[in-house]
Amino acid sequence: MKVKQFLVLPNLPERIQRLRELAMNLWFSWNWDIVKLFIRIDSELWEKSYQNPIEMLAYLPQNKLEEVARDDAFLASLDRVYGHFQEYIKSPRWFDKTFPDHKKATIAYFSCEYGIDTGLPIYSGGLGLLSGDHLKAASDMGIPLVAVGLLYRYGYFRQFLSSDGWQQERYEENDWYHMPVTLEKDANGNPIRFSLDFSGTPVHVQIWKVMVGITPLYLLDTNIPENPTKYREITSVLYSGDKDTRVRQEILLGIGGVKALNALGITPSVYHLNEGHSMFLLLERVKDLIETKGLSYDEAVQAVWPTTVFTSHTPVPAGNETFDPKLLERYLKDYVNKIGMSWEQFLALGRVFPSDDNEPFCMTVAALKLAAFNNGVSQLHGIVTRNMWHNIWPSLPVEEVPVIGITNGVHIRSWLSHDMIDLYDTYFGPKFTKQPSSFQDWGSIHKIPDAEIWRVHQRRRERLVFFARKRLKNQLARRGASALDIKMADEVLDPQILTIGFARRFSSYKRAFLLFKDIDRLRRLIHNPDMPVQFVLAGKAHPLDNPGKEIIKNILQIASRDEFRRRIVFLEDYDINVARYLVQGTDVWLNNPRRPQEASGTSGMKAACNGAINVSILDGWWCEGYSPDTGFKIGNGEEYDNLELQDSLESQFLYDTLEREVIPQFYKINSANLPLDWVKMMKNSMIMASRDFSSYRMVRDYTEKSYIPAINAYNKFFADDFATTRKMAKWQNDLSANWDQLIIEKVETPSLETSPKVGDRIPVDIRVRLGNISPDDIMVEVIAGNLNSLEQMNQYRPVIATINNGSDAPHKGYGEYQAEVVCEESGRFGIAARVVPRNPNLIHNRIPKLIKWW
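Only a predicted model underlies this, so the values are computations on that prediction, with no experimental measurement involved. (Residues numbered from 1 in each chain as written. Predicted model: local features only at pLDDT ≥ 70, side-chain atom pairs only at ≥ 80, totals over all residues. Heavy atoms only, no water.)

Participant: Looking at this structure, how should I read the overall build of the protein chain?
Facilitator: From N to C terminus, the protein chain includes 30 helices and 28 strands. Here the protein chain has a C-alpha radius of gyration of 29 Å; the compact-globule value for 854 residues is 29 Å, and the two agree. For the protein chain, the proportion of its 854 residues judged to be buried stands at 59%. When the accessible area of the protein chain is evaluated, it comes to approximately 34,900 Å², of which 48% is carbon and sulfur surface. Placing the 100 positive and 106 negative side-chain charges of the protein chain at their respective mean positions leaves the two points 3 Å apart. (Helix = DSSP H or I, 4+ residues; strand = E, 2+ residues; numbered from the N terminus. Rg over C-alpha atoms; globule rule 2.2 N^0.38 Å. Buried < 20%, exposed > 50% of the residue type's maximum accessible area, 1.4 Å probe, protein only. Areas by Shrake-Rupley, 256 points an atom, 1.4 Å probe, with all protein chains shown as cover. Lys, Arg positive; Asp, Glu negative; His and termini not counted. Charge placed at Lys NZ, Arg CZ, Asp CG, Glu CD.)

The structure is reproduced here in structure tokens:
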């Protein structure tokens, strides 16, 4: 059956046409004034529409729209808000002022999920929320960034729990014509499309656009009638457990993402891979350079490497995306041949040990090899990542593996309660409102009277309690609970007592069960007549994660007991809206993962911005955020081999921390009924999180440490018909071909006759057999430092040796080098030497297989 299609739009009166323009830009997700406009029209419909203004406008009766268009007070508010929007769009930004010579650059940011707002459900959890906050900060700061993702027909699942607490999943189809997305079209009004080859089947792809402030997000969609059902389903569900679907999704995201940007006429200078899911884009970049610019494979890799940024979010090897080579062969064998690689070369790219035929293809490994700028998402995670993947650089000490830490951050205005924003507007003035990315005066929080901060926080706790009661009643009604049980939901939680929140993905390593390991101590905590405590929990387990589902079930069964039902509440279907109520209304934010398995975590940052106090294992971001003035720690950062022992001990540490430190401090009040010590810690926590863990600081770090150097590399490597690229490819190939000729023949300390003393300088002579390698192409480094019991140097600073210019050694095939090291500590001292590549065009010289040790 053929169907003639039309898109019918709401018939907005001319005077309120601006409402649709405001609704079509996700700037509303961090602008409370816009949200208030829609709530003012119809607060119930706003909630029923999942806070999606486009859907709300579609369902508003025509007479209501006309009534609003005649409301002078509403129109005045609309004009004021629209004026602010126009000012936001046109105002100069941090990037333009700081890097005026790079305005024409474009950074392409790839992620498989984006958590921007409740009404655009194309996210599952932390990775997506981080991506969304990255785009918002990029918009506020003027970073020339475009983003690429997938348009999931069903998104992630909606969670509901059975009467016995078992998680079940429901997938709801997204109606894109009632969401803030638009189909990209050409000058003739036709959808912009391109095709991908999947095992000989051409699959058509169309592109949708979402505006996040001034940052465009392009979403790829294969749900097109011309495609076979199997391929229409590629963009069906986020994080399908089916590996065949996953690899097709990641081919679409990576290879298709590059093709989409080409179809749109966008030429990025830099590509940023947020996790390894989009790794295939690097192959497409190589292929495109070969086919359109005439580069060889080696030359194309030379151009791609210094213009690629890769962020890993996974702290355990098993969490990184891997594929069976047979599955990849089904979809990529012919594609790889067109690049000029052998299949064996391709598989080696995704393996830590290239010759191990039993090792699967790892997307993270391939990305690390093809990106010059690699980072973890906290300082601890940087260390964990270097240890996890150091065998990619087998000749390099773990400390020097080229992976840095750029700690995650949160978009403050997206997560800060509107009550707190109003308070900040009063005390901070217009700079906080109009230039949030440049605001630095967070210390002024101490100038806000304690009573005002506390009053705002109490109001948010009350709102959390009322929200939880309403949501719990709906949950119980859906499960078929009795009228009495539903009525009793109005009595759960007390808006006046200490409220502890725990909300995140229910994976075993996050250990939601830790709080429930000693029911007797939990009972005493909750029912202490002088210092009572209550808990609000939320979170989803992956559909295939039965251990995670068991944790939820066990918690629900405990929470349903009569002794706990008023003090422990689990909220179903954790999403951005639920998260906002929790981080804005809880007094304490609890986090107890198994260290070091929390790469960063951002929910605690959001809570801290709102004045909640973190109680957490020293893992992820909390290793950097914790001090005795900003929150509480569980344990001292210990790591265990025995997980059962770890869980048992840290459960007791958790109870001890709550009983001895947290709860007494919360209930220590003065004659005015103010917990002054607690409020002081709240203020310290708010300053710490807002200053050090905002997405502005995070994006600034990415810009200064990765984006700008990569843009500079693009300007150099892509100029003059890729002259530098071609030269570098030849240089590295020649160096690699002759590298085995390098031999460090001797390392001597000629003037050292007795044991040196601390502070002494030791001259070091090094002789290097050069073979056919020019001394201009290498750097000789001396490594010196104290030795441990295994004759290893735990800390050292490489010293660059200089060649003896008076020697004719280079003409004879070897080089004489000299350096000087300092004895900085007493004890056993060691000296070693190595040779690494040297070229001014290298981003860094830590290249696998091009490191030679004495």
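Participant: Just to check I follow, could you spell out helix 24 (residues 576-585) for this structure?
Facilitator: Since the α-helix packs 3.6 residues into each turn, any two residues three or four apart lie on the same face. The element helix 24 is largely enclosed, with a buried count of nine among its 10 residues. Among the residues of helix 24, those classed as buried are Ile576, Asn577, Val578, Ala579, Arg580, Leu582, Val583, Gln584 and Gly585. One side-chain oxygen of the residue at the start of helix 24 lies 3.1 Å from the amide nitrogen of Asn577, identifying that residue as Asp575. (Polar contact = N/O pair within 3.5 Å; in protein donor to acceptor, adjacent residues only side chain to side chain.)

Participant: What should I look at first to understand the pattern of salt bridges in this one?
Facilitator: Opposite charge on two side chains permits them to pair, given that their charged atoms come into close proximity. Applying the stated criterion to the full structure yields 63 salt bridges. Between Glu824 and Arg797 there is a salt bridge; the shortest N-O distance is 3.4 Å. Placement of the pair is Glu824 in the loop between strand 26 (814-822) and strand 27 (829-837) and Arg797 in the loop between strand 23 (778-786) and strand 24 (799-800), with a sequence separation of 27 residues. Exposure class is identical for Glu824 and Arg797. Each is exposed. (Salt bridge = Lys/Arg side-chain N within 4 Å of Asp/Glu carboxyl O.)

Participant: Hey, could you run me through the environment of Ile613 in this one?
Facilitator: Considering the arrangement of structural elements, one finds Ile613 in strand 19 (residues 613-617). For Ile613, a relative accessible area of 0% translates into the label buried.

Participant: Any chance you could explain the sheet that holds strand 26 here in plain terms?
Facilitator: Ordered in space as 21-22-26-25, the four strands form an open sheet in which the pairing is antiparallel. With partners counted over all chains shown, the strands left at the sheet margins are strand 21 (743-748) and strand 25 (802-803), one partner each. Pairing analysis gives nine bridges linking strand 22 (residues 761-769) to strand 26, with the strands arranged antiparallel. Of the residues in strand 26, the one forming a bridge with Asp765 is Gln818. (Pairing = 2+ DSSP bridges.)

Participant: Would you mind going over the packing of helix 8 (residues 126-141) against helix 29 (residues 695-717) with me for this structure?
Facilitator: Helix 29 packs onto helix 8 with a crossing angle of 80° between their chain directions and a minimal axis gap of 9 Å. With respect to their mutual orientation, helix 8 and helix 29 come out roughly perpendicular. Between helix 8, through Leu130, Asp133, His134, Ala137, Asp140 and Met141, and helix 29, the contact on the second element is made entirely by Ser695, Tyr696, Met698, Val699, Arg700, Tyr702 and Tyr707. Along the lines of polarity and charge, the residues of the contact of helix 8 with helix 29 split into eight nonpolar, two polar and three charged. (Axes fitted to C-alpha atoms, helices over the stretch in contact; angles between N-to-C directions. Parallel < 35°, antiparallel > 145°, perpendicular 65-115°, else oblique. Contact = heavy atoms within 4.5 Å. Nonpolar A, V, L, I, M, F, W, Y, C, P; charged D, E, K, R; others polar.)

Participant: So what exactly am I meant to see when it comes to the sheet that holds strand 24 here?
Facilitator: If you trace the four strands from one edge of the open sheet to the other, you get 24-23-27-28, paired in antiparallel fashion. Each edge of the sheet is formed by a strand with only one pairing partner; in this case those strands are strand 24 and strand 28 (852-853). Here two bridges tie strand 23 to strand 24, and the two strands are oriented antiparallel to one another. Across the sheet, residue Val782 finds its bridge partner in strand 24, namely Val799.

Participant: Would you mind going over the pairing of strand 23 with me for this structure?
Facilitator: Successive residues of a regular strand alternate their side chains across the two faces of the sheet. Of all nine residues making up strand 23, eight are buried, and the element is well covered by its neighbours. Pairing of strand 23 with strand 27, which is carried by nine bridges, proceeds in the antiparallel orientation. Considered in strand 27, the bridge of Ile778 is made with Pro837.

Participant: Please clarify how unusual backbone geometry should be interpreted in this entry.
Facilitator: One can expect most non-glycine residues to show negative phi and most peptide bonds to be in trans. Omega for the peptide link from Arg595 to Pro596 comes to 5°, which places this bond in the cis form. For Tyr50, which is not glycine, the phi torsion reads 55° and is therefore positive. The exposure class assigned to Tyr50 is partly exposed, which follows from its relative accessible area of 38%.

Participant: Whenever I open this one, the nonpolar core confuses me. Can you help?
Facilitator: Across soluble globular proteins, nonpolar side chains have a tendency to be buried as a group. Grouped together as the largest cluster of nonpolar side chains are 184 residues, with contacts concentrated most on Ile16, Ile143, Phe280, Leu332, Phe346 and Ile766. Counting residues per element, this core draws most heavily on helix 29, which supplies 10 residues. (Core = buried A, V, L, I, M, F, W, Y, C linked by side-chain atoms within 4.5 Å.)

Participant: How do you make sense of helix 12 (residues 297-304) when you look at a structure like this?
Facilitator: Along helix 12, the residues classified as buried are Glu299, Ala300, Gln302, Ala303 and Val304. On its buried face, helix 12 is in contact with helix 11 (280-293), strand 10 (308-311), helix 15 (363-370), helix 29 and helix 30 (723-738).

Participant: Sorry if this is basic, but what is going on with the environment of Arg285 here?
Facilitator: On the secondary structure map, Arg285 appears in helix 11. Residue Arg285 is classed as buried on the basis of its relative accessible area, which comes to 6%. C-alpha of Arg285 to C-alpha of Ala300: the two residues are 15 residues apart in sequence and 7.9 Å apart in space. The contacts of Arg285, once residues within four sequence positions are left out, are Val258, Tyr271, Ala303, Val304, Thr307, Thr308 and Phe718.

Participant: Is there a simple way to think about the side chain of Thr407 in this case?
Facilitator: Assignment of secondary structure puts Thr407 in the loop between strand 14 (404-405) and helix 17 (412-415). A distance of 2.8 Å separates the side chain of Thr407 from the side chain of Glu624, its partner in a polar contact. Ignoring anything within four residues of it in the chain, the contact list for Thr407 reads Val377, Ser378, Gln379, Met605, Trp621, Glu624, Phe693, Arg697 and Met698.

Participant: What is the right way to look at the packing of helix 20 (residues 450-478) against helix 24 in this model?
Facilitator: Contact pair helix 20 / helix 24: the axes reach a minimum separation of 8 Å and the direction vectors enclose 140°. The orientation of helix 20 relative to helix 24 falls into the category oblique. Between helix 20 and helix 24 the crossing geometry is left-handed. Where helix 20 approaches helix 24, its residues His457, Arg460, Arg461, Arg463, Leu464, Phe467 and Arg471 are matched on the opposing element by Asn577, Val578, Tyr581, Leu582, Gln584 and Gly585. Looking at the contact of helix 20 with helix 24, its residues break down into five nonpolar, four polar and four charged. (Left-handed = near helix turned anticlockwise from the far one by under 90°.)

Participant: Would you mind going over the side chain of Arg846 with me for this structure?
Facilitator: Residue placement: Arg846 occurs in the loop between strand 27 and strand 28. A polar contact of 2.5 Å, which involves the side chain of Arg846, links it to the side chain of Asn845. In this structure, Arg846 is in contact with Trp393, Leu396, Glu400, Pro402, Glu781, Arg834 and Val836, ignoring residues within four places of it in sequence.

Participant: What's the story with the state of the cysteines in this structure? I'm lost.
Facilitator: What we call a disulfide is simply a covalent bond connecting the sulfur atoms of a pair of cysteines. In this structure the tally under the stated criterion is zero disulfides. With no disulfide of its own, Cys112 has Cys362 as its nearest cysteine by sulfur position, at a separation of 15 Å. (Disulfide = S-S within 2.5 Å.)

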